[in-house]
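# Coordinates in review
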Amino acid sequence: MRFDQTGEVLHYVERFHAELAESYKALGRSVADRRCRMLLDYMQGREEEAAEAMHDFARRSVDPSLKEWDPFTIDDTAIRARIKGGLHAGVSSDELLGLGLEVAAWLEGLFIRLEAKSGTDEQKALFANMRARAEREKQKLARNANMLLDF
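Now for a look at the structure at hand. (Residues numbered from 1 in each chain as written. Predicted model: local features only at pLDDT ≥ 70, side-chain atom pairs only at ≥ 80, totals over all residues. Heavy atoms only, no water.)

### What about helix H5 (residues 121-149)?
With 29 residues, H5 should reach 42 Å at 1.5 Å per residue; the first-to-last C-alpha distance of 42 Å fits that figure. All of the buried residues in H5 are Gln123, Leu126, Phe127, Ala128, Met130, Ala134, Glu137, Leu141, Asn144, Ala145, Leu148 and Leu149. The inward-facing, buried residues of H5 abut helix H1 (6-28), helix H2 (34-60) and helix H4 (93-117). (Helix = DSSP H or I, 4+ residues; strand = E, 2+ residues; numbered from the N terminus. Expected span 1.5 Å × (residues − 1). Buried < 20%, exposed > 50% of the residue type's maximum accessible area, 1.4 Å probe, protein only. Contact = heavy atoms within 4.5 Å.)

### Considerations on the environment of Thr73
By the element assignment, Thr73 lies in strand E2 (residues 72-73). Relative accessible area serves as the criterion here: at 53%, Thr73 is assigned to the exposed category. Ignoring anything within four residues of it in the chain, the contact list for Thr73 reads Met1 and Arg2.

### Section: the side chain of Asp76
Topologically, Asp76 is positioned in the loop between E2 and helix H3 (77-86). Among residues more than four places away in sequence, those in contact with Asp76 are Tyr12 and Trp106.

### Comments concerning the nonpolar core
Grouped together as the largest cluster of nonpolar side chains are 39 residues, with contacts concentrated most on Phe16, Leu96, Leu110 and Phe111. By residue number, the principal contributor to this core is H4, which donates nine residues. Apart from the residues within four sequence positions on either side, Phe111 is in contact with Val13, Phe127, Met130, Arg131 and Ala134. (Core = buried A, V, L, I, M, F, W, Y, C linked by side-chain atoms within 4.5 Å.)

### A closer look at the packing of H1 against H2
The contact between H1 and H2 brings their axes to 8 Å, and the two run at 160 degrees. Here H1 lies roughly antiparallel to H2, going by the angle between them. In terms of crossing hand, the pair formed by H1 and H2 is left-handed. Tallied by class, the residues present in the contact of H1 with H2 amount to 14 nonpolar, five polar and six charged. (Axes fitted to C-alpha atoms, helices over the stretch in contact; angles between N-to-C directions. Parallel < 35°, antiparallel > 145°, perpendicular 65-115°, else oblique. Left-handed = near helix turned anticlockwise from the far one by under 90°. Nonpolar A, V, L, I, M, F, W, Y, C, P; charged D, E, K, R; others polar.)

### Focus on the pattern of salt bridges
Tallied over the entire structure, the rule returns 10 salt bridges. Arg59 serves as the salt-bridge partner of Glu14, at 3.4 Å between the closest nitrogen and oxygen. Placement of Glu14 in helix H1 and of Arg59 in helix H2 is noted, with a sequence separation of 45 residues between them. On the accessibility criterion, Glu14 (13% relative accessible area) is buried. Across the salt bridge formed by Arg46 and Glu49, the nearest N and O atoms sit 2.7 Å from each other. (Salt bridge = Lys/Arg side-chain N within 4 Å of Asp/Glu carboxyl O.)

It is worth stressing that arrangement in space is one thing and function is another; only the former is reported here.
See the structure below:
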């Protein structure tokens with residue numbers, strides 16, 4: 001996908017989180033394992049919160065840097081294929097956790113590339129903050145998933 005403005009990238013990230021939340025929700029309706037359903041419910045909630053936060057930020061921000069950008073392309077083919085292949089009715093809770101961590105690492109890497117590509121200090125700061133948030137979310141997912149799976 002090609003993006004011409006920073007705001008378009010933020011909208012893409014919002015949609016990515018929203019679509020992932022919907023995938024977790026759909027799988028949660030068909031998974032028999034109680035632990036997997038709990039983990040999917042948790043992961044769905046985290047993705048919905050991330051999508052909402054991105055939506056709120058992008059819509060409320062008046063920062064002119066959201067209109068600036070050098071063209072950037074995101075190839076999400078591999079991560080989307082991994083998500084599609086990893087979300088199936090027979091998935092284990094460990095596989096779900098691994099997939100969630102992979103997605104978080106992919107997002108973190110994306111924000112690192114976006115930060116490096118940014119032409120202004122404001123854009124660099126924005127993507128550095130998004131990278132830091134992705135790192136925190138990855139750590140939170142690992143910690144909270146392990147607590148959930150102890151039940």
